[in-house]
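Architecture and fold: a report
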Amino acid sequence: MPTLYTMPGTCSLSPNIAVAWLDAPVEVHTMAYGDHKKDDYLSINPKGKVPAVKFDDGDVLTEASAILAWLGATYGKKGYGRDTVLGRKEAEALSYMTSEVHATYGGHFGPQNLAETDSGIEEVKRKTYENLGDHYKRMDGILSDNGGEWYLGKRSFADTFLYVLTRWLDQTPLSYDDYPALKQHMERMEADAGVQTALKRQNMEPIG
């Protein structure tokens, strides 16, 4: 059975939710924070990051969007394929969320990696929150334009990663009140049984 490696507070919650939604035969192994830098896990994923999936044959798949694509193709309902309109839009949304929005958080989680002086670090933080504000405004607008319930109008794995990003907003100076559609989406997600299962597996609590 494949094993999905997760850690509290991380974007690995996204494929964890997907596993719950699909009722996929995947073991979820939640590590304590810091274990991702230890030899046991580095032998699985030398990048020292989660999520990662280890297969019975020893192969390893990393990166949330790739893992979500594999889950959907392997355990999703017939017609999941990326040749559908929803599938194409899901791939687009996940690419944006993982490569642009997630990357912007580098200035929040590790501003010292982008500047050396105190004034430089403060400038990095200021610009980071400005850019994040633009991202959240854009995602709030897309969600609203698509009816407000699901990011793409129908439930998709994009909602799992959007939930992660919306949770992270709580750690920034930005306010949920400025993104009402995202706030309501987070509340609906936290009422979902699959999301609740994933949170428990990852030793996390709802925010809403």
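Preceding block: the structure.
Presented here is an overview of the structure given in this document. (Residues numbered from 1 in each chain as written. Predicted model: local features only at pLDDT ≥ 70, side-chain atom pairs only at ≥ 80, totals over all residues. Heavy atoms only, no water.)

Observations regarding the overall build of the chain
When its secondary structure is counted, the chain shows 9 helices and 4 strands. Shown N-terminal to C-terminal, the secondary structure of the chain runs as helices and strands in the order β-α-β-α-β-β-α-α-α-α-α-α-α. C-alpha extents for the chain along the principal axes are approximately 50 × 45 × 30 Å. Relative to its 208 residues, the chain shows a buried fraction of 48%. Taking as baseline every contact in the chain between residues at least 6 positions apart, the subset at least 24 positions apart corresponds to 64%. Considering the chain, the positive charge centre built from 22 side chains and the negative charge centre built from 30 side chains are found 4 Å apart. (Helix = DSSP H or I, 4+ residues; strand = E, 2+ residues; numbered from the N terminus. Buried < 20%, exposed > 50% of the residue type's maximum accessible area, 1.4 Å probe, protein only. Contact = heavy atoms within 4.5 Å. Lys, Arg positive; Asp, Glu negative; His and termini not counted. Charge placed at Lys NZ, Arg CZ, Asp CG, Glu CD.)

Brief notes about the sheet that holds strand β1 (residues 3-6)
Ordered by their spatial adjacency, 4 strands build an open sheet running β2-β1-β3-β4, and the pairing between neighbours is mixed. Bordering the open sheet on either side are β2 (27-30) and β4 (60-62), each of which pairs with just one other strand. Each adjacent strand pair in this sheet contributes to an overall mean axis angle of 20°, direction not counted. Inspection of the sheet shows strand β3 (residues 52-54) paired to β4 by 3 bridges, in the antiparallel sense. (Pairing = 2+ DSSP bridges. Axes fitted to C-alpha atoms, helices over the stretch in contact; angles between N-to-C directions.)

Looking at the environment of L42
Summarising the element assignment, L42 is placed in helix α2 (residues 39-42). In this structure L42 touches H36, K37 and G48, once residues within four positions along its chain are discounted.

This is a description of form; function is not addressed.
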